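# Fold and contact review
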Amino acid sequence: MENFDLPKTWQTILDDIESQVSPANFVTWFKNTELLEVVDGSAVISVPNGFAKEWLENRFAHLLTSLFQKHASGITRFECRLSTAPSRLLRPQPKMVEKTPTMFSHSTTNYSNLQTKTDESKPSFTSHQSPLNPRYSFHNFIVAEHNELAHAAAKAIVGSLGNLYNPLFIYGGVGLGKTHLMQSVGNAVKKEDPTKKVVYISAERFTTELVESLRNGTMEQFKSHYQNLDLLIIDDIQFLAGREKTQHEFFHIFNSLYQLNKQILISSDRPPQSIATLEDRLRSRFQGGMIADISRPSLETRVAILSSKAEEKGVKLPEEALVYIAENIVHNVRELEGALNKIFAFCQLQHLTPTVALIKSILQDYLVKMQKNISPQDIIRITAEYFQVDGKLLLEPTRKQSIAFPRQIAMYLLRTELALPLNQIGDLFGGRDHTTVLHSVEKIESGKEGDKNTKTALHTIHERLQAFRSE
Ligand code: ADP
Ligand code: MG
């Protein structure tokens, strides 16, 4: 059982991973890894740094465990170990940078050398930043009761970067306009003063840059790049949660920006206090600024949004049609836009005028398709992702509160979303008694209104399930 050909097994798994993740992800997280040993069904993977350890053990745990199962069925779990001795696989450490040039080396010969040799892992952090999207502006952002506060705060910081609300923390569910609003701030700042340095970056990309900078010995450039900004916009900060080292570095950059009165704008899918694995000092920093939420738009607002989006595209739809769409698509603005696009595309293709009857028939089709069936495994996975725990742990008998609570939530959702029988839910969770399941469901049911954690968790997971269904 333990007689694995370690390099060969690992290479097979790496090949499989490479076909499943983006090239950037593959290079960043798997490039310098090795399978060191297998003891009692447990594999030890050598990784070059703490970031890779965190990512492999959290983000990629599910994928890795299933690939071990597929290619080396004797391996049921794994852990990561920091490689201490420099391995032949490791890329040069900072001190050796002169010998192996990076993008920061200014010599042209070195530069071309790099391109031919290690093109796939270009170590330039600037290459990751997506420019601001000019499509997003305050002009086409509709303000209503659900986003009033966030909008007002966002507008206010444009004219007084770093002085008013710092950081400004905007949170809300998927597709509700966080990215749009934050990019509007960036665009407005640039419009007012093109010399201002603005960076918009997702927390995931920020992490990738950070890791690459560490690996390439360009941490100083990385830091000074960020410390030179007038406005740093970080989207979806929940993805930083649980990654200790990233948080640690982020905290330092955050602090220096803050002390220099530079503006920081952050978004998340939930308020800082609900990001369980966020470092305390980061959380309290976030709470020290301004926190504004964006909730779901009301029916009237959904109609207004639809009408403005239709107008943007030069199409006028009857009021009754707008109301019909808004009544049927309730979760977020992205879905409203999706429905409109579908209707327009159909009418254009068939050279038809979008009448109410036609829209109804197009939408009926769309709504049915939108309701992609969700499986119990999807619910368990999405719940585990929300709590950032390994989905498999939920199925095991541990009583640890950090697992027990997510498990109860998953059971509750299986019951309420899929109407699964109690004993079937019990079976899914390693043969638990139906009364245990019932107890869990009742506990969540009764905490749903009063308990903040329960409420936020259910709300966010519902939104994710909805987004997943309509993907
Ligand atoms: P989030 O970042 O919260 O997931 P986005 O900002 O990506 O959501 O918004 C999803 C889509 O909905 C985008 O196309 C955006 O332009 C649109 N949208 C969201 N809120 C509004 C609004 N208040 N006014 C106009 N468009 C909006
Ligand atoms: Mg977004």
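Right above here is the structure, for reference.
Conventions and cut-offs
Residues numbered from 1 in each chain as written. Chains lettered and ligands numbered in written order. Predicted model: local features only at pLDDT ≥ 70, side-chain atom pairs only at ≥ 80, totals over all residues. Heavy atoms only, no water. Pairing = 2+ DSSP bridges. Helix = DSSP H or I, 4+ residues; strand = E, 2+ residues; numbered from the N terminus. Axes fitted to C-alpha atoms, helices over the stretch in contact; angles between N-to-C directions. Contact = heavy atoms within 4.5 Å. Salt bridge = Lys/Arg side-chain N within 4 Å of Asp/Glu carboxyl O. Phe/Tyr/Trp six-rings, centres within 6.5 Å; stacked < 30°, edge-to-face > 60°. Buried < 20%, exposed > 50% of the residue type's maximum accessible area, 1.4 Å probe, protein only. Lys NZ or Arg CZ within 6 Å of the ring centre and 35° of its normal. Parallel < 35°, antiparallel > 145°, perpendicular 65-115°, else oblique. Nonpolar A, V, L, I, M, F, W, Y, C, P; charged D, E, K, R; others polar. Near = heavy atom within 4 Å. Polar contact = N/O pair within 3.5 Å; in protein donor to acceptor, adjacent residues only side chain to side chain. Areas by Shrake-Rupley, 256 points an atom, 1.4 Å probe, with all protein chains shown as cover. Domains from an automatic or database assignment.

## A look at the sheet that holds strand S6 (residues 231-235)
- Sheet architecture is open: 5 strands sit in the order S5-S6-S7-S4-S8, paired in parallel fashion. A strand with exactly one partner marks an edge of an open sheet, and here the two such strands are strand S5 (198-202) and strand S8 (290-294). Geometrically, the sheet is characterised by an average inter-axis angle of 15° between neighbouring strands, direction not taken into account.
- Judged from the 5 bridges that link them, S5 and S6 form a sheet pairing that is parallel. Directly across from Val199, in S6, lies its bridge partner Leu232.
- Together, strand S4 (168-172), S5, S6, strand S7 (263-268) and S8 form the strand contacts of helix H7 (residues 178-192), whose direction differs from that of S6 by roughly 165°.

## Brief notes about the pattern of salt bridges
- Summed over the entire model, instances satisfying the criterion amount to 14 salt bridges.
- Here Asp16 ties to Lys70 by a salt bridge, and the two come within 2.7 Å at their closest N and O atoms. Residue Asp16 is found in helix H1 (residues 6-20), and its partner Lys70 is found in helix H4 (residues 61-71); the two are separated by 54 residues along the sequence.
- In this structure, Lys223 engages Glu249 in a salt bridge whose closest nitrogen and oxygen atoms are separated by 3.6 Å.

## Some details on the packing of aromatic side chains
- Evaluation of the coordinates by the stated rule reveals 13 aromatic pairs.
- Ring centres of Trp10 and Phe68 lie 6.2 Å apart, and the angle between their planes is 25°; this geometry places the pair in the stacked category. Taken together, the residues span a long stretch of sequence, with Trp10 in helix H1 and Phe68 in helix H4 at a distance of 58 residues. Neither residue differs from the other here; Trp10 and Phe68 are each classed as buried.
- Through a chain of ring-to-ring contacts, three or more aromatic side chains come together here, namely Phe169, Phe206, Phe222, Tyr226, Phe250, Phe254, Tyr258 and Phe286.
- Sitting over the ring of Phe138, Lys155 keeps its end group 5.0 Å from the ring centre.
- Across from the ring centre of Phe251, 4.0 Å away, lies the NZ or CZ of Arg281, which sits over that ring.

## Some points on the packing of helix H8 (residues 203-216) against helix H10 (residues 244-259)
- Interhelical geometry of H8 versus H10 gives an angle of 95° and a closest axis separation of 11 Å. Taken as axis vectors, H8 and H10 run roughly perpendicular relative to one another. Here H8 contributes Phe206, Thr207 and Leu210 to the contact with H10, which in turn contributes Thr246, Glu249, Phe250 and Ile253.
- Looking at the contact of H8 with H10 residue by residue, the class counts come to 4 nonpolar, 2 polar and 1 charged.

## Overview of the site of ligand 1
- Neighbouring ligand 1 are 18 residues, the closest being Gly175, Thr179, His180, Lys309 and Glu337.
- With respect to ligand 1, the backbone of Gly177 contributes an N or O atom lying 3.1 Å from an oxygen atom.
- Compared with its free state, where it exposes 560 Å², ligand 1 has 95% of that area covered by protein.
- For the shell around ligand 1, the secondary structure elements donating two or more residues are H7 and helix H14 (333-350).
- Grouping the amino acids of the shell around ligand 1 by side-chain chemistry returns 6 nonpolar, 7 polar and 5 charged.
- Counting contributing residues, the shell around ligand 1 receives three or more from each of domain 2 (148-294) and domain 3 (299-362).

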